[in-house]
Amino acid sequence: MWTFTSDVEAYAAVAEPFLLGDPVGNTVALTVLANLRAGMSAKGARFGWWTVDGEVRGAAFHTPPYPIGLAVMPVETVAPLVEALDHDIPALVGPVRLTDEVARLMGPPSRVLSERLYRLGTLRIPGVPGRGRLATPADYPLLVSWHQAFGEEVALPDGDAADRVARRIAARELFLWEADGVPVSLAALSPAAGGVCRIGPVYTPPSCRKRGYGSAVTAYASQAGLEERCEQVVLFTDLDNPTSNAIYQAIGYEPVSDYAHIAYA
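Let us look at the structure shown here.

What the chain contains, in helices and strands, is eight helices and 12 strands. The globule rule puts the C-alpha radius of gyration for 265 residues at 18 Å, and the 18 Å found for the chain is close to it. Seen along its three principal axes, the alpha-carbon backbone of the chain occupies a region of about 60 × 35 × 35 Å. Taking all 265 residues of the chain together, 48% fall into the buried category. Considering only residue pairs separated by 6 or more positions, the chain has 70% of its internal contacts joining residues 24 or more positions apart. Carbon together with sulfur atoms contributes 53% to the accessible area of the chain, which is approximately 11,900 Å² in total. Across the chain, 21 positive and 29 negative side-chain charges occur, with their mean positions spaced 5 Å apart.

Okay, structure coming up:
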């Protein structure tokens, strides 16, 4: 049975122990909870959990304007979820075996973005000229423009870039790589949830690409996470981008499982 609420803490009390059973696979769900507790807007949010004989075995969440998110859970939870939502699923993200089931029930989506979840094994620092550092309030205008550019490139909702950047700078979640004293690449690091931090987004402006800056800033942020904040670091890549998949593996990231964003609107 699916149960829904708009109360973040009511959802957390029931679903968080389940999500913590797989903190790597449920990194997005757990990060969303952490961000909501840190003050991210919950306007229009809705949360759900699937129970069998009183035991939680699945969870879903929707924090507009982002897609509906699915936790790692059994495939048999999907059909009753689609029914409970009255087939009103404009966009959804989750493990590919679950998104495939949604597509089987609702028909082919209008858009599919295939992703792979990676977990950091042994970090290998690339020999790229420059240095890494935390972003500061002085970087705010540049980073807002970079977030907006990133959102346009990937064509996925990223909320209010100005608010998001301000919150993430204050929370010490944004890292820059500098070459000759000039910022050339960005990596964000989510707050630890279940001992796991997640890298993303990573953005290098077009004029600075193909010089290793994305690898360098990702390695720098990953090292900062392991040294100061968490026990494991993960990230998602676009499977249609072989370059990003290759560079992350080169610095020590190892494949875990596949995910997908699907859209019907």
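So, about the pairing of strand β5 (residues 91–95). Buried residues dominate β5, accounting for four of its five residues. Taken together, the two bridges between strand β4 (residues 68–70) and β5 define a ladder with parallel strand orientation. Along β5, the bridge assignment pairs I68 with L92. Note that the unit made of β4, helix α3 (residues 78–84) and β5 has a crossover that is right-handed. Across five bridges, the pairing between β5 and strand β12 (residues 253–263) is antiparallel. Pairing of A91 across the sheet is with A263, part of β12.

Turning our attention to helix α2 (residues 27–37). By the criterion of burial, α2 is predominantly enclosed, with eight of the 11 residues buried. Considered for burial, the residues of α2 that qualify are T27, A29, L30, T31, V32, L33, N35 and L36. Buried residues along α2 sit against α1 (8–19), β2 (46–52), β3 (55–62), β6 (111–120), β10 (196–203) and β11 (232–238). Just past α2, the residue G39 takes up positive phi, approximately 115°.

Turning to the sheet that holds β4, a few remarks are in order. Pairing is mixed in the open sheet, where 12 strands are placed in the order β1-β2-β3-β4-β5-β12-β6-β11-β10-β9-β8-β7. In this open sheet, the two edge strands, each paired with only one partner strand, are β1 (2–5) and β7 (131–134). On average, adjacent strands in this sheet sit at an angle of 25° to one another, irrespective of strand direction. Note that β6 and β12 share 10 bridges and pair antiparallel. Within β12, the residue paired with E115 across the bridge is Y259. Set on the sheet, helix α8 (residues 242–250) makes contact with β6, β10, β11 and β12; between it and β11 the angle comes to about 160°.

Quick look at the packing of aromatic side chains now. For the coordinates displayed, the defined rule picks out nine aromatic pairs. Both rings, one in Y11 and one in W49, keep their centres 6.5 Å apart while their planes meet at 40°; by these two values the pair is tilted. Placement of the pair is Y11 in helix α1 and W49 in strand β2, with a sequence separation of 38 residues. By relative accessible area, W49 is classed as buried at 11%. Aromatic rings pair up to connect W2, F4 and W50 into one cluster. Here the basic side chain of R46 rests over the ring of F4, its NZ or CZ set 4.3 Å away from the ring centre.

We now examine the environment of H62. Relative to the elements of secondary structure, H62 occurs in strand β3. Judged by relative accessible area, which is 24%, H62 ranks as partly exposed. Along the sequence, H62 and G44 sit 18 residues apart, while their C-alpha atoms lie 8.2 Å from each other. A polar side-chain atom of H62 sits 3.0 Å from the main-chain carbonyl oxygen of Y66.

Analysis parameters
Residues numbered from 1 in each chain as written. Predicted model: local features only at pLDDT ≥ 70, side-chain atom pairs only at ≥ 80, totals over all residues. Heavy atoms only, no water. Helix = DSSP H or I, 4+ residues; strand = E, 2+ residues; numbered from the N terminus. Rg over C-alpha atoms; globule rule 2.2 N^0.38 Å. Buried < 20%, exposed > 50% of the residue type's maximum accessible area, 1.4 Å probe, protein only. Contact = heavy atoms within 4.5 Å. Areas by Shrake-Rupley, 256 points an atom, 1.4 Å probe, with all protein chains shown as cover. Lys, Arg positive; Asp, Glu negative; His and termini not counted. Charge placed at Lys NZ, Arg CZ, Asp CG, Glu CD. Pairing = 2+ DSSP bridges. Right-handed = clockwise from strand over helix to strand, strands pointing away. Axes fitted to C-alpha atoms, helices over the stretch in contact; angles between N-to-C directions. Phe/Tyr/Trp six-rings, centres within 6.5 Å; stacked < 30°, edge-to-face > 60°. Lys NZ or Arg CZ within 6 Å of the ring centre and 35° of its normal. Polar contact = N/O pair within 3.5 Å; in protein donor to acceptor, adjacent residues only side chain to side chain.

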